[in-house]
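Summary of structural features
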Amino acid sequence: MKQTLYPRLDEQIYWDKLPNGLTVAVVPRQGFSQKMAYFVTGTGSLHREFSMDGKFYRAPMGVAHFLEHKLFDMPGRDISGEFGALGASVNAFTGYDMTAYYFSCTENFSQCLHLLLEMVTKPYFTAESVDKEQGIIGQEIDMNEDAPETRIFEDLMKAMYREHPIREPILGTRQTIGEITPQVLYDCHRAFYRPENMILCVVGDCDPEEVRAMALEMTADASCPQVEKQENWEEPAQCVSHSLTSSMEVARPMFQIGFKCDPLGAGREGIYREFVGDLAAEVLFGESSELYLRLYEQGLIDPSFGGGLDTVPGMAMLTATGDSDDPEAVRDAILQQAEKLVAEGIAEEEFLRLKRSTLGGRIRSLDSFDSVCFRICAYHFSGFDYFQFPEVYESVKSEDVRSFLAQVVTSQRCSLSVIQPKEEEL
Amino acid sequence: MIQILQLQPGIYLRGCTDTRFKTNCLSIQFVRSMDRQEAAANALMSAVLLRGTEKYPDIRDITRHMDDLYGATVGSLVRRVGDYQTTGVYCSFTEDRYALGGDRILEPVTAFLQELLLHPRLEKGVFCESFVEGEKRNLLSAIESQKNDKRIYAAAQLMKYMCAQDPAGIPRLGEPEQARALEPGMLYDHYQKVLKHSRIDLFYVGSRPLEQIAQLISPIFSQLERDYQPLPGQTPFRDGGKTRNEQKMDVTQARLQMGFLTESTVNTPDFVPMQVLNTVLGGGMTGKLFMNIREKQSLCYDIGSSYQGGKGIMTVGAGMDCKMVDRVERSVMQELENCCNGIITPLELESAQSAMLSSLRQIHDTPGSIENFYSTGALSGMELSISEYMHQVQQVTVERLAEIAAKVQLHSVFVLKGEQV
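Computed from a prediction, not measured in an experiment: that's the story for all the values here.

Description of the nonpolar core
All names here are of chain A. Grouped together as the largest cluster of nonpolar side chains are 134 residues, with contacts concentrated most on Ile 334, Ile 376, Phe 387 and Val 409. Counting residues per element, this core draws most heavily on helix H9 (residues 267-285), which supplies 10 residues. In this view, Ile 334 contacts Ile 257, Phe 259, Leu 284, Phe 285, Leu 291, Ala 320 and Val 409; residues no more than four positions away in its chain are not counted. Core analysis: the second largest hydrophobic core is formed by 69 residues, Met 74, Phe 83, Phe 153 and Leu 171 among them.

What follows is the structure, encoded as structure tokens:
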């Protein structure tokens, strides 16, 4: 395997791309007990339209998440139990643009890695087990309906996006998951879980060559169909509507404001634009900004306030979220402050301080194995080696941040999603 | 591995020197008895301190200073450990060797802590009214927002009813009425009292020797006029009687929260076996509750149990369809009954043991988990070392678990249900 050194971070990664296309990355961490592995596909809830070996497929909403649940099934076996017996904990999550399976252990690493690779590469679905899962996921959908932070985000996406599938809930609905059959799952598994669309990332005191050898062995007979995922959506720059309000059992009004950005693109340029967006959020409403202090002192925001840049293929947005008795006033203040920053420019000293601060935060997050695995995988699918972040951060120019604010933080690109407390019944 | 230095009577610095991390941490906790009258004041205190100091008069100045220190964070930390409530700050900052051009981070961070604790921004000799009013609003909002997360809300409601006569029933952030009544003068006087009389626990994880930290941090406390008043010991559960409550809310999914009394606490020899029993029953995805009630019967989406060794209370929480509440409750009782009858497979026991051993081994893998384990351990009276703890986990047998399970009694139940049922 090829060893890459990152002296700035005091880190190294062993990289390889197997002949079948699977990427393997190992970050050695001597002196730690924990060992963690992420096995990830670059397919998430967005990717339900694709062509495979020349045939077009449109899968029901929620299929990626459903598949994630079902890969834990193996005939006559209890996978969580097997991990448990090895002293490991296993879990998985489905995002908009990736699905990850991971475990953390302190002993029996090889057996755990074998089990993880086996479980994800050997699908097994029956009508009966699909039927049972519809009940469990139905409960998960119900639980989400009572979660205000999920509702507020899903409302915001519906208000902002006309075409992009980020407007669909990751879990799907009770109706759409009812359309899922074993055949749908087998087709999607073949399309999404082909090796060239996946990465295996390991962090811990492990032997990189052993990891590579096992990955090679376990993916030897994986099928490698020709797949094109649909990732281009004709999305206008304007939002569908500028506000959406719901009511729920919450204590105070909650809000999320979104500003629609143009898609960032892939590779180093895409990441540069992402960091520009990140710093723009800090300059505009970060904790050391003029605006944050003013809104905080006026009681319009509280410590729950925060925001940043979010991006998945085909879309990017700047969001801010929190609790406030007057969300409209927060939105208006953000718009005005952006105008002011664009007119007056950003003080260079201020800008350097923010860069140093965000850089320090990213360096500290490397102490978390979870965060390291997650970011290496997520950025891999954007075509970027995550541990190069210090260089990219340092190259960000304040002028680019200013242009970003001028282009993005405008009322045409803005939507506001609010959850009001239910009126008390008299 | 963990060193303890006494800086003054009632002021302890604990910690470890570890060069593996990019993050360092330093926490300062004032330890108080959990008391209905002052819980809200304790929760409010550090938030008010973090609003401004003489040198850094508002949050923007503070945050800018932190940005200069590579995004160091200083946050308010309020914990409940048995009968105690701790209030203070937790700082997380980048290890000096990752700073540019030989910049220092640790020294300025400790200097800032001194400024924060000893030189708060005052007006008319007490805390600024606008700071107190603003933070009161935020505290009230934090207390009331617990309702937003139905899982947290149901768990808190159960504790309120089950522990009506015990300090464990006092909410960690205090009661809204107490928070509303706080005024700048009262709060400032309270803070002075806290500085003077409280036990103070400090904790450090980073690359420097602990003696060096003691030197950096001691000046903060040598300036105080101290009259240390030791805390009363932790007390056993004070039972106010069994309760059963149901509340209606506009929710899609019902929440069931069950509270059990055990005879095992941190001070009894079966503390570790009880932890194992809790893990066998409801710890994660290999517990009996998850495997049988969720996986086999599909009755709910989430279900699990937790055990508080201070009071010997075990709770089970689950989310499910409103019509299924009774069935889930019966199934939970059945799983507990199975434990009493020794119906625990070797795999169930091994999985629980391995999971616990694995978490214990990982404590030393992050600064945050080191701080949390040892600083709360020091207060709860849990005196086991990690290796002794692990040894006891390995010794547990099914027979032992059955004996302990037989003493676990259902005490109280709280149900949150939709309005249409």
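A few points about helix H9 (residues 271-282) of chain B
Residue and element names in this part refer to chain B. In this model H9 runs 16 Å from its N-terminal to its C-terminal C-alpha over 12 residues, within 8% of the 16 Å that 1.5 Å per residue would give. Burial of H9 is extensive: 12 of the 12 residues sit out of reach of the surface. Taken together, the buried positions of H9 are Phe 271, Val 272, Pro 273, Met 274, Gln 275, Val 276, Leu 277, Asn 278, Thr 279, Val 280, Leu 281 and Gly 282. Positioned one or two residues after H9, Gly 284 has a phi angle of 65 degrees, which is positive.

Examining the interface of chain A and chain B
Tallying the contact residues gives 64 residues for chain A and 63 residues for chain B. In total, about 5,500 Å² of surface goes out of reach between chain A and chain B, with carbon and sulfur atoms giving 49% of it. Inspection of the region where chain A meets chain B yields 9 salt bridges. With a closest N to O distance of 3.9 Å, Asp 68 of chain B and Arg 356 of chain A form a salt bridge. The interface formed by chain A and chain B holds 37 residue pairs in polar contact (both at pLDDT 80 or more) in total. Breaking the side of chain A that touches chain B down by element, the ones donating at least two residues are helix H2 (79-85), strand E9 (89-94), strand E10 (99-105), helix H4 (127-145), helix H10 (290-297) and helix H12 (348-364) of chain A. Broken down by element, the residue count for the side of chain A that touches chain B peaks at 9 residues, all from H12 of chain A. Grouping the amino acids of the side of chain A that touches chain B by side-chain chemistry returns 19 nonpolar, 19 polar and 26 charged.

Digging into the side chain of Asp 323 of chain A
Summarising the element assignment, Asp 323 of chain A is placed in strand E16 (residues 315-323). In contact with Asp 323 of chain A, not counting residues within four places along its chain, are Arg 252, Pro 253, Met 254, Phe 255, Leu 300, Ile 301, Asp 302 and Ser 304 of chain A together with Ser 141 and Ser 145 of chain B.

Brief notes about the pattern of salt bridges
Evaluated as defined, the whole model comprises 55 salt bridges over all chains. The residue Glu 82 of chain A makes a salt bridge to Arg 77 of chain A at a minimum N-O spacing of 2.9 Å. Residue classification places Glu 82 of chain A among the partly exposed residues on the basis of a relative accessible area of 28%. Looking at Arg 77 of chain A, the relative accessible area reads 32%, which means it is partly exposed. Residues Arg 208 of chain B and Asp 96 of chain B are paired through a salt bridge, measuring 2.7 Å at the closest nitrogen-oxygen approach. On the criterion of sequence distance, the pair formed by Arg 208 of chain B in the loop between strand E8 (199-206) and helix H8 (210-222) and Asp 96 of chain B in the loop between strand E5 (84-94) and helix H3 (106-118) is long-range, its members being 112 residues apart.

Here we look at the environment of Ala 237 of chain A
Residues and elements named next belong to chain A. Here Ala 237 shows up in the loop between strand E12 (227-229) and strand E13 (243-248). Put simply, Ala 237 and Ser 129 are 108 residues apart on the chain and 43 Å apart in space, counted from C-alpha to C-alpha. Apart from residues lying up to four places away in sequence, Ala 237 is in contact with Lys 260 and Arg 413.

Observations regarding the domain arrangement of chain A
Residues and elements named next belong to chain A. What the domain assignment lists for chain A is domain 1 (2-229) and domain 2 (243-421). Computed from C-alpha atoms alone, the centre-to-centre distance between domain 1 and domain 2 is 28 Å. The interface is formed by 45 residues belonging to domain 1 together with 44 residues belonging to domain 2. In this structure, the connection of domain 1 to domain 2 is made through 1 salt bridge. Between Arg 8 and Glu 394 there is a salt bridge, and its shortest N-O distance comes to 2.9 Å. Counting across the domain 1 and domain 2 interface gives 10 residue pairs in polar contact (both at pLDDT 80 or more). When residues of the side of domain 1 that touches domain 2 are assigned to their parent elements, the largest contribution, 11 residues, is made by helix H5 (residues 148-160).

Some details on the sheet that holds E9 of chain A
All names here are of chain A. Judged by pairing direction, the sheet is mixed, and its 7 strands sit side by side in the order E1-E2-E3-E11-E4-E10-E9 without closing on themselves. A strand with exactly one partner marks an edge of an open sheet, and here the two such strands are strand E1 (2-6) and E9. Across this sheet, the average inter-strand angle for adjacent strands is 15 degrees, counted without regard to direction. Bridge count between strand E4 (residues 35-41) and E10: 7 bridges; the pairing is antiparallel. Bridged to Phe 39 within E10 is Tyr 101. Across the sheet, helix H8 (residues 208-218) touches strand E2 (11-17), strand E3 (23-28) and strand E11 (198-204), and the angle it forms with E3 is around 155 degrees.

Focus on the packing of aromatic side chains
Working definition: an aromatic ring pair is given by the centre-to-centre distance plus the angle between the planes. For the structure on display, the rule yields 31 aromatic pairs over all chains. For the ring pair Phe 32 of chain A and Phe 21 of chain B, a centre distance of 5.9 Å and an interplane angle of 70 degrees mean the geometry is edge-to-face. Here Phe 21 of chain B lies in the loop between strand E2 (11-17) and strand E3 (23-33) and Phe 32 of chain A lies in the loop between E3 and E4, a pairing that spans two chains. Judged by its relative accessible area of 1%, Phe 21 of chain B is buried. When the ring of Phe 271 of chain B is compared with that of Tyr 389 of chain B, the centres are 6.2 Å apart and the planes differ by 65 degrees; the resulting orientation is edge-to-face. In this pair, Phe 271 of chain B sits in helix H9 while Tyr 389 of chain B sits in helix H14 (residues 386-395), placing the two residues 118 residues apart along the sequence. The pair formed by Phe 271 of chain B and Tyr 389 of chain B is uniform in burial state, with each residue classed as buried. Among the aromatic residues, ring-to-ring pairing joins Tyr 6, Tyr 379, Phe 384, Tyr 386, Phe 387 and Phe 389 of chain A into one connected group. Directly above the ring of Tyr 161 of chain A sits Lys 260 of chain A, whose terminal nitrogen or CZ lies 4.8 Å from the centroid. For the cation-ring pair, Arg 356 of chain A lies above Tyr 70 of chain B, with the distance from its terminal atom to the ring centre recorded as 5.4 Å.

Notes on the pairing of E16 of chain A
Residue and element names in this part refer to chain A. Within E16, 8 of the 9 residues are buried, which leaves the element mostly enclosed by the surrounding structure. One ladder, built from 8 bridges, connects strand E14 (residues 254-261) with E16; its direction is antiparallel. Considered in E16, the bridge of Met 254 is made with Asp 323. Relative to E16, strand E15 (residues 306-312) is paired through 7 bridges, and the arrangement is antiparallel. Note that in E16 the partner of Asp 310 across the bridge is Met 317.

Some remarks on the packing of H9 of chain A against helix H11 (residues 327-344) of chain A
Residue and element names in this part refer to chain A. It is the contact of H9 with H11, at a shortest axis distance of 10 Å, that shows an interaxial angle of 105 degrees. Considering the angle they form, H9 stands roughly perpendicular to H11. Of H11, the residues touching H9 (which contributes Val 283, Leu 284 and Phe 285) are Ile 334, Gln 337, Ala 338 and Leu 341. Its residues assigned to classes, the contact of H9 with H11 shows 6 nonpolar, 1 polar and no charged.

Details of the domain arrangement of chain B
Residues and elements named next belong to chain B. Here chain B is partitioned into domain 1 (3-222) and domain 2 (243-417). A C-alpha centroid distance of 30 Å is found between domain 1 and domain 2. Counting residues at the interface gives 34 residues for domain 1, matched by 35 residues for domain 2. Roughly 2,800 Å² is buried in total at the junction of domain 1 and domain 2, and carbon and sulfur atoms are behind 72% of that figure. The largest share of the area that domain 1 buries against domain 2 comes from Leu 158, Tyr 161 and Met 162, three residues that together contribute 22% of it. For the pair domain 1 and domain 2, the interface holds 5 salt bridges. One salt bridge connects Arg 79 with Glu 371, and the closest N-O pair in it is separated by 2.7 Å. Inspection of the domain 1/domain 2 interface yields 8 residue pairs in polar contact (both at pLDDT 80 or more). Taken together, the elements giving at least two residues each to the side of domain 1 that touches domain 2 come down to E2, E3, strand E4 (73-81), E5, helix H5 (150-162) and E8. Looking at the side of domain 1 that touches domain 2, the element that brings in the most residues is H5, giving 10 residues. Of the residues in the side of domain 1 that touches domain 2, the class split is 19 nonpolar, 5 polar and 10 charged.

Cut-offs and rules
Residues numbered from 1 in each chain as written. Chains lettered and ligands numbered in written order. Predicted model: local features only at pLDDT ≥ 70, side-chain atom pairs only at ≥ 80, totals over all residues. Heavy atoms only, no water. Core = buried A, V, L, I, M, F, W, Y, C linked by side-chain atoms within 4.5 Å. Buried < 20%, exposed > 50% of the residue type's maximum accessible area, 1.4 Å probe, protein only. Helix = DSSP H or I, 4+ residues; strand = E, 2+ residues; numbered from the N terminus. Contact = heavy atoms within 4.5 Å. Expected span 1.5 Å × (residues − 1). Buried area = accessible area lost by both parts, 1.4 Å probe. Salt bridge = Lys/Arg side-chain N within 4 Å of Asp/Glu carboxyl O. Polar contact = N/O pair within 3.5 Å; in protein donor to acceptor, adjacent residues only side chain to side chain. Nonpolar A, V, L, I, M, F, W, Y, C, P; charged D, E, K, R; others polar. Domains from an automatic or database assignment. Pairing = 2+ DSSP bridges. Axes fitted to C-alpha atoms, helices over the stretch in contact; angles between N-to-C directions. Phe/Tyr/Trp six-rings, centres within 6.5 Å; stacked < 30°, edge-to-face > 60°. Lys NZ or Arg CZ within 6 Å of the ring centre and 35° of its normal. Parallel < 35°, antiparallel > 145°, perpendicular 65-115°, else oblique.

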